[in-house]
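# Summary of the model geometry
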Amino acid sequence: MAALPHPEPLSGESYSAVELSLANDEVILLEQRRLPREELYVRLRSVEQVAEAITTMVVRGAPAIGITAAYGLVLAASSLAQLESAAARLRQTRPTAVNLAWALERMLARARGTAASELLPALAEEARAIHREDVAACRRMGAHGAELVPDGATILTHCNAGALATGGYGTALGVIRAARDMGKRVRVLADETRPYLQGARLTAWELHRSGIPVEVICDNSSGYWFGRGEITLTVVGADRIAANGDFANKIGTYTVACLSHLHGRPMYVAAPWSTVDLACARGADIPIEFRPASEITDIPFTEQAGEKMASTPAGRQRWVPEGVGVLNPAFDVTPAPYVTRFFTERGTFRPDELRSGA
Ligand code: MRU
């Protein structure tokens, strides 16, 4: 197992999705596409490399990409003009998670109030503050949410909303960690989360590593487990929460929310306040990212960023007939009536109470 190449990781874990080097000249990312097979860190020295890493999902998860973008701006901290063009490039990378735009705006606001000679230390400080605050928010929302987790619960989660998707600790997985730390017995069913397999690869990796019982299930089998009465509650993260309580999260979340509703089980959403977008009135206004067809047509991870990872000679194996198109929205929107509670660092909210947290 590779060591995290940072002497003082802000994640609070022995691994970290993202860190800034002590010299403020490199963004260090855990190469999440290599998990669980390999724990590999990459060091990025330019805004373009950071933008490419976000687009190709070396790092992913709403809070983690916000922190990565903030650290990315540190690499462009020579002038305000350069920062603005770097922010424009980073803003294009992934449209759905509002944490990205939120972090960039916060960094630019800090830059506007700073003398050119002080930009680098000021922006490094601001980005690290964003990172630290995210970990603290995860711990607080985890503590709020864990109160509502019964002892002995079987918890369904979708995608990865853990330490790997945040500054550290996690949102949905933070609730699960906090419940376990309160002495509650919990068992997790992790949706594999097609097509990128964040549940099978990442959620399973980090929960197993933390000693929390986890079993991976196919996305299309959660109805089976609800039907058998096995699922106590569902908890997921979010990429953007609209003012009316509709929220976007990884594709498939809406299906899970419908099943939770139909079976009378709570549907909890854990997210930092930076995910709440009160300027966005309703879910229909949230931009939904569509990702490359190859994520669906090919056996996952056969070809990523030009590297051959499959055992096939060609390094690529298509399982959808040539000439057939696919549709690959990366997120869906769950309407507010399907949400039981939002857990944030500011407290616990029903969808109609969200605005009171502002
Ligand atoms: O495409 P991804 O892997 O970036 O999608 C991640 C999710 O949908 C997460 O559930 C969400 O970002 C919340 S992470 C705390």
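Residues numbered from 1 in each chain as written. Predicted model: local features only at pLDDT ≥ 70, side-chain atom pairs only at ≥ 80, totals over all residues. Heavy atoms only, no water.

### Here we look at the domain arrangement of the protein
Quoted interface sizes are often the accessible area lost when the parts come together. Which entries qualify depends on this criterion: An automatic or database domain assignment supplies the residue ranges for each domain. For this analysis, residues touch if any pair of their heavy atoms sits within 4.5 Å. The term buried area means the drop in 1.4 Å probe accessible area that two parts suffer when joined, counted for both and summed. When a carboxyl oxygen of Asp or Glu is within 4 Å of a side-chain nitrogen of Lys or Arg, the pair counts as a salt bridge. Each polar contact in these results corresponds to two N or O atoms within 3.5 Å; when the atoms are within protein, one needs to be able to donate a hydrogen and the other to accept it, and residues that are neighboring in sequence are counted only if both atoms are side-chain atoms. In DSSP terms, a helix is any run of H or I states spanning at least four residues, a strand is any run of E spanning at least two, and both are numbered starting from the N terminus.
For the protein, the assigned domains are domain 1 (18–138) and domain 2 (148–288 + 328–357). A straight line from the C-alpha centre of domain 1 to that of domain 2 covers 25 Å. Domain 1 puts 26 residues into the contact, and the matching count from domain 2 is 30 residues. Taking both sides of the interface into account, the surface hidden between domain 1 and domain 2 amounts to around 2,300 Å²; carbon and sulfur atoms contribute 58%. When the area that domain 1 buries against domain 2 is broken down by residue, the three leading residues are R60, T96 and C138, summing to 26%. Seen at the junction of domain 1 and domain 2, the total is one salt bridge. Where domain 1 packs against domain 2, one counts 15 residue pairs in polar contact (both at pLDDT 80 or more). Secondary structure elements with two or more residues in the side of domain 1 that touches domain 2: helix 2 (62–74), helix 4 (98–112) and helix 5 (119–146).

### Considering the confidence of the model for the protein
Definition in use: For every residue, the predictor reports its confidence as pLDDT, a number between 0 and 100.
Looking at the protein, pLDDT values average 94 and 95% of them are 70 or higher. Considering only residues more than four positions removed or in separate chains, one finds that residues 302–313, a stretch of pLDDT under 50, has 26 contacts.

### A few points about unusual backbone geometry
Of the consecutive residues L35 and P36, the connecting peptide bond is found in the cis state with omega at 5°. By the secondary structure assignment, P36 is in the loop between strand 2 (27–30) and strand 3 (41–44). In this structure, the amide linkage connecting R194 to the following residue, P195, adopts the cis form with an omega of 0°. Looking at where P195 falls in the secondary structure, it is placed in the loop between strand 5 (186–191) and helix 7 (198–209). The phi torsion at M57 lies on the positive side, around 65°, for a residue other than glycine. With respect to the helices and strands, the residue M57 is situated in the loop between helix 1 (47–55) and helix 2.

### What about the environment of P266?
In plain terms, the rule: Whether a residue is buried, partly exposed or exposed follows from its accessible area with a 1.4 Å probe, protein chains only, as a fraction of its type maximum: under 20%, in between, or over 50%, in that order.
Tracing the backbone shows P266 in the loop between helix 9 (253–262) and strand 10 (267–270). A relative accessible area of 24% places P266 in the partly exposed class. Along the sequence, P266 and T166 sit 100 residues apart, while their C-alpha atoms lie 24 Å from each other. Residue contacts for P266: discarding those within four places in its chain leaves T232, L233, T234, S260 and T340.

### Thoughts on the sheet that holds strand 8 (residues 240–242)
As a reminder of what qualifies: Should DSSP find at least two bridges between two strands, the strands are taken to pair. Angles shown run from 0 to 180 degrees and are taken between the N-to-C directions of axes, each axis being a line fitted to C-alpha atoms and, for helices, limited to the stretch in contact.
The strand order across the open sheet formed by four strands is 11-8-9-14, and the pairing between neighbours is mixed. At either margin of the open sheet sits one strand with a lone partner, and together these are strand 11 (276–277) and strand 14 (331–334). Relative to strand 9 (residues 247–250), strand 8 runs antiparallel, the two being bridged by two bridges. By the bridge assignment, I241 is partnered in strand 9 with F247. Relative to strand 14, helix 9 is tilted by about 30°, and along the sheet it contacts strand 9 and strand 14.

### Digging into the pairing of strand 7 (residues 233–236)
Here strand 7 shows a buried face lined by L233 and V235 and a second buried face lined by T234 and V236. With two bridges connecting them, strand 4 (residues 153–157) and strand 7 associate as parallel partners. Across the sheet, residue I155 finds its bridge partner in strand 7, namely L233. Both strand 7 and strand 10 contribute to a ladder of three bridges, which runs parallel.

### What to know about the environment of T234
By the secondary structure assignment, T234 is in strand 7. Spatially, the C-alpha atom of T234 lies 6.0 Å from that of Y268, the residues being 34 residues apart in sequence. The residues contacting T234, other than those within four sequence positions of it, are L156, F226, V256, S260, P266, M267 and Y268. Here S260 takes part through its side chain, which lies 3.1 Å from a polar atom of the side chain of T234.

### Structural notes on the pairing of strand 2
Neither face of strand 2 is open: one carries V27 and L29, the other I28 and L30, and all of them are buried. Of the pairings in the sheet, the one linking strand 1 (residues 18–20) to strand 2 comprises three bridges and is antiparallel in character. From the neighbouring strand, E19 faces strand 2, where its bridge partner is I28. Between the end of strand 1 and the start of strand 2, which pair antiparallel, lie six residues, with N24 showing a positive phi angle near 60°. Bridging between strand 2 and strand 3 involves four bridges; their strand directions are antiparallel.

### Some words on the nonpolar core
Across soluble globular proteins, nonpolar side chains show a tendency to be buried alongside one another. As a reminder of what qualifies: Among buried residues, those of type Ala, Val, Leu, Ile, Met, Phe, Trp, Tyr and Cys that are joined through side-chain atoms within 4.5 Å constitute a nonpolar core.
Membership of the largest hydrophobic core comes to 42 residues, with the highest contact counts inside it found for V27 and L90. Per-element tally for this core: the top contributor is helix 2, with nine residues. Sequence-distant contacts of V27, that is, excluding residues within four places in its chain, are made with V18, E19, L20, V42, R43, L44, V50, T68, Y71, G72 and L75. Core analysis: the second largest hydrophobic core is formed by 24 residues, C138, Y169, A179 and L233 among them.

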